[in-house]
Amino acid sequence: MTKARILSGVQPTGNLHLGNYLGAIKNWVDFQRDFENFFCVVDLHAITVPHDPQVLAHDTRTIAALYLACGIDLQYSTIFVQSHICAHSELAWLLNCITPLNWLERMIQYKEKAIKQGDNVSVGLLDYPVLMAADILLYDADKVPVGEDQKQHLELTRDLVIRTNDRFGSPEKPIFKMPEPLILKEGARVMSLSDGTAKMSKSDPSEMSRINLLDPPDVIAKKIKKTKTDPIKGLTFDDPTRPECHNLLTLYRLLSKQSKESVARECENMGWGQFKPLLSETVVSSLAPIQQRYQELMSEPTYLQDVLSQGKDKATAVADRTLARVQDALGFLRP
Ligand code: AMP
Ligand code: TRP
C-alpha cells in the first residue's frame, strides 16, 4: 500500500523556537514513519516582509540543518528549499488568477502582519496564502501538519481546491487533491514567556518571550527565571486565570514526555522557586542533543548541500508533474 503524503514547511527567518518545535517539527518527526514526507524551507515566504539579503541563505541552511538535527530522517522524508523548485512560483501565479481578492484580504495573519508593516505592505504579504496553497497542492499532499495559527490558510487552500476542480476539472478527473490540516491539540499553541495569552513568536521584539532551539543553557535558565508567573503556590493546568501556569506546565509535560496527570500530581504543591529550575533542566537536556547534532551538521556544509540537492531532484520530479497537469487543464499551449 502506498503511504499517504505529508507536506509542511517553516520560514527561514532567524532561529526556531519551542513553539515551532512542539507545534510543528516534533510532530513531523514523531509520525514520519507512517507517511511519505516532504518538508521544505519556505524561503520565498520569508521575503514577504522586509528581509536582510545578507542572512537569508544562512538562515535557510540553519533551518534545513535543524530539520535534520530534530530527527527528520531521510529514509522517510525529503528536505528541500522552496525557491529551488520553480514550480512553486509558477503554480502560485496560476492560482493567483483563480483566487478572489477578498479571500486574501480577510486572512487574520495578513491583517496582523499588515498592521505591523504600516504603509510598507507588499503584494507578496497579501499573496502569502496562495503561495502556501501552491506548496501543498504541488505535492498532492494528504495531510499538512502545522500549528493552530495556520488553520485559516489551510481552509483557503481547501477552498481553492474546490474552486479549481469545479472550474477546470471534473469529478472523475479532479485537478487537485484535497489536503487535510493535521493540528495536534498539545503543543499547537505554545505561548510567550512574557504573556501567557500571546503566542510564542519569532516576530516578538523581545528575545525574553521565547526559547530558541539554539539558545545555550545559561540563556535558557535566565529566560525561564524571568518568565512571567503569579504569586500562587501550587501549580495547575487549565485554570483560565493562570495562562502562564498552564503554558509552563505544558512545556514541561511535552518535553519530559509525561502524562498530564503525572505532571499535575508532581506539581500540585510546588512553588515557582522549585518548578523553574526543574523546567530549565528539562528544556536544556531536551535541546542538548539537537544542538549538538546541529553543530555537527553546520561543520560539514557539503553534506547539507548534498541533502538539499537530492531533495531538490526528488521534489522537482513530483512538482513538475503536477504543474503540467494544471497547465493542461487550464489550456496552455505545450512547448
Ligand atoms: P513560522 O515560525 O510562522 O514559520 O511557523 C512554523 C510552524 O510552527 C508552523 O506550523 C506554525 O503553525 C508553528 N508555530 C509557530 N509558532 C507556534 C507556537 N507559538 N505554538 C505552536 N506552533 C507554532
Ligand atoms: N505559512 C507557514 C507558517 O508560517 C509556513 C508554510 C509555507 C507552510 N508553506 C507551507 C506550512 C506549506 C505548511 C505547508 O508557518
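Everything below is about the structure shown above.
Below, the structure is looked at part by part. All of these numbers come straight from a predicted model, not from anything done at the bench. (Residues numbered from 1 in each chain as written. Chains lettered and ligands numbered in written order. Predicted model: local features only at pLDDT ≥ 70, side-chain atom pairs only at ≥ 80, totals over all residues. Heavy atoms only, no water.)

### Details of the pattern of salt bridges
- Summed over all chains, the structure comprises 13 salt bridges.
- In this structure, D30 engages K26 in a salt bridge whose closest nitrogen and oxygen atoms are separated by 3.1 Å. Pair noted here: D30 and K26 are both in helix 1 (residues 18–31), with a separation of four residues, about one helical turn.
- The salt bridge partner of R210 is E207, with a shortest N-O separation of 3.1 Å.
- Here the salt bridges do not stand alone but share partners, grouping E207, R210, D215 and K223 into one network. (Salt bridge = Lys/Arg side-chain N within 4 Å of Asp/Glu carboxyl O. Helix = DSSP H or I, 4+ residues; strand = E, 2+ residues; numbered from the N terminus.)

### Some points on the layout of surface pockets
- Considering only enclosed or pocket space, the second largest pocket measures out at about 300 Å³ in volume.
- Along its surface, the second largest pocket is lined by 18 residues, and K185, E186, R189, H246 and T250 are the ones closest to its centre.
- Here the lining of the second largest pocket gets seven residues from one element, more than from any other, and that element is helix 10 (residues 243–255).
- Along the lines of polarity and charge, the residues of the lining of the second largest pocket split into seven nonpolar, five polar and six charged. (1 Å grid on protein atoms, 1.4 Å probe; cavity = no way out; pocket = protein on both sides within 12 Å on 5 of 7 lines; lining within 4 Å. Points joined across faces, edges and corners; volume = space filled by probe spheres on them. Nonpolar A, V, L, I, M, F, W, Y, C, P; charged D, E, K, R; others polar.)

### Concerning the site of ligand 2
- Taken together, 13 residues lie near ligand 2, and Q11, Y128, M132, D135 and Q150 sit nearest.
- Between ligand 2 and Y128, the relevant distance is 2.7 Å, taken from a nitrogen atom to a side-chain nitrogen or oxygen of the residue.
- At 2.6 Å from a nitrogen atom of ligand 2 is found a side-chain nitrogen or oxygen belonging to D135.
- Counting residues per element, the ones that place at least two in the shell around ligand 2 are strand 1 (5–10) and helix 7 (123–138).
- If one sorts the elements of the shell around ligand 2 by residue count, helix 7 sits on top with four residues.
- Tallied by class, residues from the shell around ligand 2 come to seven nonpolar, five polar and one charged. (Near = heavy atom within 4 Å. Polar contact = N/O pair within 3.5 Å; in protein donor to acceptor, adjacent residues only side chain to side chain.)

### So, the packing of aromatic side chains
- This model, assessed by the stated rule, comprises eight aromatic pairs.
- Each ring, one from W28 and one from F39, has its centre 4.4 Å from the other, and the planes form 5°; the classification is stacked. A residue pair is termed long-range when its members are at least 10 positions apart, and W28 in helix 1 and F39 in strand 2 (residues 36–41) qualify at eleven residues.
- Here F39 falls in the buried class, since its relative accessible area comes to 0%.
- Seen from their ring centres, W272 and F275 are 5.9 Å apart, and the 75° between their planes marks the pair as edge-to-face. Linking W272 with F275, this pair stays in helix 12 (residues 272–298), spanning three residues, or about one helical turn. With respect to class, W272 is no different from F275; both count as buried. (Phe/Tyr/Trp six-rings, centres within 6.5 Å; stacked < 30°, edge-to-face > 60°. Buried < 20%, exposed > 50% of the residue type's maximum accessible area, 1.4 Å probe, protein only.)

### Some remarks on the nonpolar core
- Counting residues in each nonpolar core, the largest one holds 55 residues, and the members touching the most others are L18, Y21, I25, Y67, F275 and V283.
- Dropping the residues within four chain positions of it, I25 is found in contact with V10, L16, N20, Y67 and C70.
- Membership of the second largest hydrophobic core comes to 43 residues, among which are L131, L137, V144 and F176. (Core = buried A, V, L, I, M, F, W, Y, C linked by side-chain atoms within 4.5 Å. Contact = heavy atoms within 4.5 Å.)

### Points about empty space enclosed by the protein
- In this structure the tally under the stated criterion is one cavity of 30 Å³ or more.
- If you trace the largest cavity, you find it lined by M107, Q109, Y110, K113, L125, Y128, P129 and H153.
- Listed by contribution, the elements that provide at least two residues to the lining of the largest cavity are helix 6 (108–117) and helix 7.
- Broken down by class, the residue content of the lining of the largest cavity amounts to five nonpolar, two polar and one charged.

In short, the description is geometric, and any link to function would need to be established separately.
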